[in-house]
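# Summary of structural features
Next come the chains, spelled out residue by residue.
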Amino acid sequence: MRKIKVYAASTGKTFGAQPENYGDNLMAALLPALFNLQPEFVGQDRAELISTGSVIDSYHRRHPKGVKLIKRRPWRTLHVWGSGFMSSTGRPDWPQTLAFHAVRGPLSAEKLGQPGLATGDPALLLPRIWPKPATTGRAVAIVPHFTANRHFRAKYASSLPRHWKIVDLLDDPQKITRAIAESDMVISNSLHGLIVADAYGIPSVRIEGDSRIKGDGFKYRDYEAFRGASWDVLKFEAVLARSVDLIPADARQPDAIRMTSLLGSFPF
């Protein structure tokens, strides 16, 4: 199996040295299964691919003054497939020359001045490697952003209805995917919790985040522009106070044509 150098955002200094955030970790599963490629996770200036996650402006966030002359690597190409911007003010600054093949949503494409790019988050392709399991009835998966998981559990775990479960985004990616895919509703302030709900055709509810979630909301708007509908952002307390049948959930499973376009745009 051929290796490919991939950069992914990490919860620590070095990717893979600690539990990683679900969305940023998905290429470890998608690349071998879909393309027979083995990812080798490397630093920003060595990467030849960025994909799932809000990482187009990742280098800019670490180096807001731009790429130093001594750091530039214009003879190397960094391919972008399905990534998005974290922030509306983020810039696509990298030491390598960037080649864009697909981005998460049309707002990212517009920021790049390339409105004709293929769009879609690669996490939408998960059903092609892990088929949807049978649902369990009235199960609800709650998917807090990984930075808020501990706080969320401490505050709400003891007051949840019987069939509601909290999903830990630092767990094994296949286990997380199954927990979302076998549920009947997803409640999340994690973007990938919402995206994977769409991938499996599961109604989802977006709840408020907090200051621990980075960015200015651009990544949510970008994906909403792709899916063709936005979520009403609700307080979790308001969701908890309603019966499941009264929660305004929305399911937007992407059509096969757009998923074929996303797959066909893969550069390797």
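Heads up: these notes are all about the structure in this document. (Residues numbered from 1 in each chain as written. Predicted model: local features only at pLDDT ≥ 70, side-chain atom pairs only at ≥ 80, totals over all residues. Heavy atoms only, no water.)

## Considerations on the nonpolar core
Ranked by size, the top nonpolar core spans 45 residues in total, and within it Leu 31, Trp 81, Leu 126 and Tyr 200 carry the most contacts. It is helix α7 (residues 191-199) that contributes the most residues to this core, 6 residues altogether. In terms of nonpolar packing, the next biggest core, distinct from the first, is built from 19 residues, Val 55, Phe 85, Ala 109 and Leu 117 among them. (Core = buried A, V, L, I, M, F, W, Y, C linked by side-chain atoms within 4.5 Å. Buried < 20%, exposed > 50% of the residue type's maximum accessible area, 1.4 Å probe, protein only. Helix = DSSP H or I, 4+ residues; strand = E, 2+ residues; numbered from the N terminus.)

## Side note on helix α6 (residues 173-181)
Buried within α6 are the following residues: Pro 173, Ile 176, Thr 177, Ala 179, Ile 180 and Ala 181. Its buried side turned inward, α6 meets α1 (22-25), β7 (140-143), β8 (164-166), β9 (185-188) and α7. N-capping of α6 is provided by Asp 172, with a side-chain oxygen placed 3.2 Å from the backbone N of Gln 174. (Contact = heavy atoms within 4.5 Å. Polar contact = N/O pair within 3.5 Å; in protein donor to acceptor, adjacent residues only side chain to side chain.)

## Focus on the packing of aromatic side chains
Here the distance between the centres and the angle between the planes together describe a pair of aromatic rings. Going through the model one piece at a time under the given rule, you end up with 13 aromatic pairs. Measuring from centroid to centroid gives 4.8 Å for Phe 152 and Tyr 156, while their planes differ by 50 degrees, and the two rings are tilted. Taken as a pair, Phe 152 and Tyr 156 lie in helix α5 (residues 149-156) at a separation of 4 residues, close to a single helical turn. Between Tyr 156 and Phe 236 the ring centres are 4.7 Å apart and the planes differ by 65 degrees, which places this aromatic pair in the edge-to-face class. With Tyr 156 in helix α5 and Phe 236 in helix α9 (residues 236-241), this pair connects stretches of sequence that are 80 residues apart. Pair check on accessibility: Tyr 156 and Phe 236 agree, each one buried. Against the face of Phe 85 rests Lys 111, its NZ or CZ located 4.7 Å from the ring centre. (Phe/Tyr/Trp six-rings, centres within 6.5 Å; stacked < 30°, edge-to-face > 60°. Lys NZ or Arg CZ within 6 Å of the ring centre and 35° of its normal.)

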